[in-house]
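Next come the chains, spelled out residue by residue.
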Amino acid sequence: MRTVVVGTSGVSAADVGAVARANARIELSEEAVAALASARAIVDALAAKPEPVYGVSTGFGALATRHISPELRAQLQRNIVRSHAAGMGPRVEREVVRALMFLRLKTVCSGHTGVRPEVAQTMADVLNAGITPVVHEYGSLGCSGDLAPLSHCALTLMGEGDAEGPDGVVAPAGELLAAHGIAPVELREKEGLALLNGTDGMLGMLVMALADLENLYKSADITAALSLEALLGTEKVLAPELHAIRPHPGQGASAANMLAVLRGSELTGHHQDDAPRVQDAYSVRCAPQVAGAGRDTMAHARLVAERELASAVDNPVVLPGGTSQAFGPGGGRVESNGNFHGAPVAYVLDFLAIAAADLGSVAERRTDRLLDKNRSHGLPPFLADDAGVDSGLMIAQYTQAALVSEMKRLAVPASADSIPSSAMQEDHVSMGWSAARKLRTAIDNLTRIVAVELYAATRGIELREGLTPAPASRAVIDAVRAAGVQGPGPDRFLAPDLAAADAFVRGGHLVAAVEPVTGPLA
């Protein structure tokens, strides 16, 4: 099992995936432990002073004007966790909860939060034990952090609320901690606030979305190539010199992928045969331009994610030196800031949903063309065995169209909205959590849309008797048939075939089938 060591300078996207999806173990570096202790010393020194310091000896949000006496401060930290653990709705997926907990630990270990080393170690211990707090769908506005989701995680650290054990059974968190020899934490000044105030949920979902989309964009290049082949299209539009004169990196990468898949095909270049056509339809000819724009969107989103992964997002933060009124030993201070605002992450989450919707839309248009006898250049209606008696893939395209329609609705930006909260103190919010949640649904839909195109395109190629497909296409057909997706024939119960195609794409098997023939795709 992989071990991820958390230091003071952030973590990588691969680290997030390893912890969230592969249950990697977590260790704290010596540097992180030292930074935690140093920052805590600043907080302890400030807590001992008579002057109020936000987050240390005051209330929070709209209640920040109240000075909290020392005997009430532990209760204050417990109360903020309990009161903010106010989520509602269905449970959030295990991988999302693990990602947000891990990313909160990343910020805690930066040495800018003032959390004690033993609290950070407890966070690592809970993750290593496979204990997953119950977090609900609704409760974050994406500003002041993902407050309710992170509060439910902090509640587990206190031994309160419910959590899922490594066996998948939900039980009281205190019982799960005891069963794994983990002592609940007793929060001190600033610690409750520090555990709640970050964009970790939306960031975790962004990182995992990018990993999923990397597979999907390669998969979509493959299915676009297969559709071009089944439609007897021309590969000349994929020539590198054509894409070099409009040098968007993603466009060139998608064109190169499609060209690699089509290399050696006997089906391409027949667009001037029995039914001459000067050019292929946009959905075929412009596939690299559409997918490439999405790839470039991903590149921008990845840059934002990398910056966030290197960030310490909290409010207030512990800083060394300076001229603040709130001095600790050696000049350390605690300062209020606005770094918790989720706008940078929210925008790219929405941008990705728009790009994914368009990729799904163009894939559906190619599928519809394959099924239309007037536009498929010789394929039978709906790729049916005996059209009229058989309906073929008619309703598979209905399903695909319904998914595309939902993706268009999901592409409406969440980050364009804002709703004031906390008595107008938090009067502008990012809605980044909502953007992330709908992106996850969009990615699920896109996977299914690509799977339907794969199903139709492979059937179309097999119906082109007498012409040999590209070696990469043949490899896909052989692999997808071995995975339980049946080929042409009389009508049958289609849902199992579609489910098998979905699993084939979702698991990365489509890309894996092609790359031994083409080499690594871009």
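Rules of the game
- Residues numbered from 1 in each chain as written.
- Predicted model: local features only at pLDDT ≥ 70, side-chain atom pairs only at ≥ 80, totals over all residues.
- Heavy atoms only, no water.
- Helix = DSSP H or I, 4+ residues; strand = E, 2+ residues; numbered from the N terminus.
- Buried < 20%, exposed > 50% of the residue type's maximum accessible area, 1.4 Å probe, protein only.
- Contact = heavy atoms within 4.5 Å.
- Areas by Shrake-Rupley, 256 points an atom, 1.4 Å probe, with all protein chains shown as cover.
- Lys, Arg positive; Asp, Glu negative; His and termini not counted.
- Charge placed at Lys NZ, Arg CZ, Asp CG, Glu CD.
- Disulfide = S-S within 2.5 Å.
- Salt bridge = Lys/Arg side-chain N within 4 Å of Asp/Glu carboxyl O.
- Core = buried A, V, L, I, M, F, W, Y, C linked by side-chain atoms within 4.5 Å.
- 1 Å grid on protein atoms, 1.4 Å probe; cavity = no way out; pocket = protein on both sides within 12 Å on 5 of 7 lines; lining within 4 Å.
- Points joined across faces, edges and corners; volume = space filled by probe spheres on them.
- Nonpolar A, V, L, I, M, F, W, Y, C, P; charged D, E, K, R; others polar.
- Expected span 1.5 Å × (residues − 1).
- Arc of directions from axis to C-beta.
- Pairing = 2+ DSSP bridges.
- Axes fitted to C-alpha atoms, helices over the stretch in contact; angles between N-to-C directions.
- Parallel < 35°, antiparallel > 145°, perpendicular 65-115°, else oblique.
- Left-handed = near helix turned anticlockwise from the far one by under 90°.

*Asks:* Looking at this structure, how should I read the overall build of the chain?
*Replies:* Summing up its helical and strand segments, the chain has 19 helices and nine strands in all. In terms of overall dimensions, the chain has C-alpha extents of about 90 × 50 × 40 Å along its principal axes. Relative to its full complement of 522 residues, the chain shows a buried share of 57%. Taking as baseline every contact in the chain between residues at least 6 positions apart, the subset at least 24 positions apart corresponds to 77%. Within the structure as shown, the chain displays about 20,400 Å² of accessible surface, and the carbon and sulfur contribution to it stands at 56%. Averaging the coordinates of the 44 positive side-chain charges in the chain and doing the same for the 58 negative ones gives two points 2 Å apart.

*Asks:* Can you help me understand the state of the cysteines in this one?
*Replies:* A covalent bond between the sulfur atoms of two cysteines is what we call a disulfide. One pass over the full model with this rule turns up zero disulfides. Free cysteine Cys109: the closest other cysteine sulfur is in Cys153, separated by 15 Å.

*Asks:* What should I look at first to understand the pattern of salt bridges in this one?
*Replies:* It is possible for side chains bearing opposite charge to pair when their charged atoms get close. What the rule picks out here adds up to 31 salt bridges. Linking Glu93 and Arg437 is a salt bridge whose minimum nitrogen-to-oxygen distance equals 2.9 Å. Taken together, the residues span a long stretch of sequence, with Glu93 in the loop between β3 (88–91) and α4 (94–108) and Arg437 in helix α16 (residues 432–462) at a distance of 344 residues. Since its relative accessible area comes to 10%, Arg437 is described here as buried. Between Arg440 and Glu95 there is a salt bridge, with its nearest N and O atoms 2.9 Å apart. Here Arg440, found in helix α16, pairs with Glu95, found in helix α4; they are 345 residues apart in sequence, far enough to count as distant. With respect to class, Arg440 is no different from Glu95; both count as buried.

*Asks:* Any chance you could explain the nonpolar core here in plain terms?
*Replies:* When a protein is soluble and globular, its nonpolar side chains tend to lie buried together. The biggest cluster of nonpolar side chains holds 149 residues, and the ones touching the most others in it are Phe102, Leu195, Leu206 and Ile222. Ranked by the residues each element gives to this core, the list is headed by helix α9 (residues 200–230), at 18 residues. Core analysis: the second largest hydrophobic core is formed by nine residues, Ile42, Ala47, Val53 and Val56 among them.

*Asks:* What is the right way to read the layout of surface pockets from this model?
*Replies:* Over the atoms, a rolling probe the size of a water molecule traces out where space has been left empty. Estimates place the volume of the second largest pocket at around 320 Å³. Taken together, 17 residues make up the lining of the second largest pocket; nearest its centre are Arg21, Asp212, Ile443, Asp444 and Arg506. The set of elements that each furnish at least two residues to the lining of the second largest pocket consists of α9 and α16. Among the elements that take part in the lining of the second largest pocket, α9 stands out by supplying six residues, more than any other. Among the residues forming the lining of the second largest pocket, the class breakdown is five nonpolar, five polar and seven charged.

*Asks:* Is there a simple way to think about helix α15 (residues 394–410) in this case?
*Replies:* Because an α-helix completes one turn every 3.6 residues, residues spaced three or four positions apart along the sequence face the same direction. The first and last C-alpha atoms of α15 sit 25 Å apart over 17 residues, in line with the 24 Å expected at 1.5 Å per residue. Among all positions in α15, only Ala396, Gln397, Gln400, Leu403, Val404, Met407 and Leu410 are buried. Buried residues of α15, seen end-on, are gathered within an arc of 130 degrees and therefore sit on one face of the element. In α15, those exposed residues whose orientation departs by more than 90 degrees from the buried face are Tyr398 and Arg409. In this structure, the buried residues of α15 make contact with α14 (343–371), α16 and α18 (495–506).

*Asks:* How should I be thinking about the side chain of Ser219 in this particular structure?
*Replies:* The residue Ser219 is located in helix α9 in this model. Not counting chain neighbours up to four residues away, the residues in contact with Ser219 comprise Val450, Val505, Leu510 and Val511.

*Asks:* When you look at the sheet that holds strand β4 (residues 132–133) in this model, what are you seeing that I'm missing?
*Replies:* Strands in a sheet are paired, the pairing made by backbone hydrogen bonds, and the direction either parallel or antiparallel. Taking strand neighbours across the sheet as the criterion, the three strands line up as β4-β6-β7 in an open arrangement whose pairing is antiparallel. Every interior strand has two partners, whereas the edge strands, β4 and β7 (170–172), have only one. The pairing of β4 with strand β6 (residues 162–164) spans two bridges and is classified as antiparallel. Note that in β6 the partner of Pro133 across the bridge is Ala163.

*Asks:* Which parts of the structure should I look at to understand empty space enclosed by the protein?
*Replies:* In total, this model carries one cavity of 30 Å³ or more according to the counting rule given. For the largest cavity, the calculated volume is near 60 Å³. Surrounding the largest cavity, Met101, Arg104, Met123, Leu150, Cys153, Ala154, Leu157 and Leu195 form its lining. Looking at the lining of the largest cavity, the elements that each hand over two or more residues are α4 and α6 (147–157).

*Asks:* Looking at this structure, how should I read the packing of helix α3 (residues 73–84) against α6?
*Replies:* Any two packed helices are characterised by how steeply their axes cross, that is the angle between the axes, and by the distance between the axes. Relative orientation of the contacting elements α3 and α6 amounts to 120 degrees, with a least axis distance of 8 Å. Put simply, α3 runs oblique to α6. The two elements α3 and α6 meet at a crossing, and its hand is left-handed. Between α3, through Val81, Arg82 and His84, and α6, the contact on the second element is made entirely by Leu147, Ala148, Ser151, Ala154 and Leu155. Classifying every residue of the contact of α3 with α6 gives five nonpolar, two polar and one charged.

*Asks:* Looking at this structure, I do not really get the pairing of strand β1 (residues 3–6). What am I missing?
*Replies:* Looking along a regular strand, one sees the side chains alternate between the two faces of the sheet. Here β1 shows one buried face, formed by Val4 and Val6, and one open face, formed by Thr3 and Val5. As paired strands, β1 and strand β2 (residues 25–28) are joined by four bridges and run parallel to one another. When the bridges of β2 are listed, Val6 appears paired with Leu28.

*Asks:* Quick question: what am I supposed to make of the packing of α16 against helix α17 (residues 471–482) here?
*Replies:* It is at 11 Å that the axes of α16 and α17 come closest, and there the two elements cross at 115 degrees. Seen along the crossing, α16 lies across α17 with a hand that is left-handed. Contact with α16, carried on its side by Leu454, Thr458, Arg459, Ile461 and Glu462, involves Ser473, Arg474, Val476, Ile477, Val480 and Arg481 of α17 and no other residues of that element. Broken down by class, the residue content of the contact of α16 with α17 amounts to five nonpolar, two polar and four charged.

*Asks:* For this particular structure, what's the right way to read unusual backbone geometry?
*Replies:* Most of the time, phi is negative for any residue but glycine, and the peptide bond is trans. Put simply, Asn315 and Pro316 share a cis peptide bond, and its omega is -5 degrees. As for its placement among the helices and strands, Pro316 is situated in the loop between α13 (287–309) and β8 (317–319). Look at Ala423: it is not a glycine, yet its phi comes out positive at around 55 degrees. Residue Ala423 is classed as exposed on the basis of its relative accessible area of 71%. The phi dihedral of Met431 falls on the positive side, at around 60 degrees, and the residue is not glycine. Here Met431 lies in the loop between α15 and α16. Residue classification places Met431 among the buried residues on the basis of a relative accessible area of 11%.

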